[in-house]
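Summary of structural features
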Amino acid sequence: MQPRRTRLTGAAARLLSLVVDLGHVESAEADQLALALSEMASPSGRIARDEVRRLVAAHLWDDPEMEDNTSPLAQDWALLFG
């Protein structure tokens, strides 16, 4: 049995890339998140932006930077997840 092939939609890939580019997630973490996302793929194997958004938000929620409202993560939160 072959494993199911999954793929991020364009918007989902751009969102994941954006959080890496902004420095909120390391590349290795993004790879781990992408693997976790493969379990959430639709029957067609596609992973939409909203799934990426939910998983990344949950991943970052407990980041110590979130305690400081002036941190880059706190300032970007509404842009990324609002």
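Summary of the structure given here. Fair warning: this is a prediction, and the values are worked out from it, not measured in the lab.

Focus: the overall build of the chain
Summing up its helical and strand segments, the chain has four helices and two strands in all. Going from N to C terminus, the chain has its helices and strands arranged as β-α-α-β-α-α. Principal axes of the C-alpha set define a box for the chain whose edges measure 50 × 20 × 20 Å. Per-residue burial over the chain gives 32% buried out of 82 residues. Counting only contacts in the chain whose residues sit at least 6 apart along the sequence, the fraction spanning at least 24 positions is 58%. Accessible area for the chain stands at about 5,600 Å²; split by element, carbon and sulfur atoms hold 52% of it. Between the mean site of the 8 positive side-chain charges and the mean site of the 13 negative ones, the chain shows a separation of 18 Å.

Side note on the packing of aromatic side chains
The way to describe two aromatic rings as a pair is by their centre distance and the angle between their planes. Enumeration according to the criterion identifies two aromatic pairs in this entry. With a centroid separation of 4.4 Å and 50° between ring planes, the pair formed by Trp 77 and Phe 81 is classed as tilted. Placement of both Trp 77 and Phe 81 in helix H4 (residues 72-81) is noted, with a separation of four residues, approximately one turn of the helix. The exposure class of Trp 77 is buried, given its relative accessible area of 17%. Taking the relative accessible area as the measure of exposure, Phe 81 reaches 15% and is therefore buried.

A word on helix H3 (residues 49-61)
Between the first and last C-alpha of H3 there are 18 Å, a value that for 13 residues agrees with the 18 Å anticipated at 1.5 Å per step. Listing the buried residues of H3 in full gives Val 52, Leu 55, Val 56, Ala 57 and Leu 60. On its buried face, H3 is in contact with strand S1 (7-8), helix H1 (10-21), helix H2 (27-38), strand S2 (46-47) and H4.

Details of the nonpolar core
Counting residues in each nonpolar core, the largest one holds 20 residues, and the members touching the most others are Leu 16, Val 52, Val 56, Leu 60, Trp 77 and Phe 81. Of all the secondary-structure elements, those providing two or more residues to this core are H1, H2, H3 and H4. With five residues, H3 is the single largest residue contributor to this core. Sequence-distant contacts of Leu 60, that is, excluding residues within four places in its chain, are made with His 24, Val 25, Met 66, Leu 73, Trp 77 and Phe 81.

Parameters and conventions
- Residues numbered from 1 in each chain as written.
- Predicted model: local features only at pLDDT ≥ 70, side-chain atom pairs only at ≥ 80, totals over all residues.
- Heavy atoms only, no water.
- Helix = DSSP H or I, 4+ residues; strand = E, 2+ residues; numbered from the N terminus.
- Buried < 20%, exposed > 50% of the residue type's maximum accessible area, 1.4 Å probe, protein only.
- Contact = heavy atoms within 4.5 Å.
- Areas by Shrake-Rupley, 256 points an atom, 1.4 Å probe, with all protein chains shown as cover.
- Lys, Arg positive; Asp, Glu negative; His and termini not counted.
- Charge placed at Lys NZ, Arg CZ, Asp CG, Glu CD.
- Phe/Tyr/Trp six-rings, centres within 6.5 Å; stacked < 30°, edge-to-face > 60°.
- Expected span 1.5 Å × (residues − 1).
- Core = buried A, V, L, I, M, F, W, Y, C linked by side-chain atoms within 4.5 Å.

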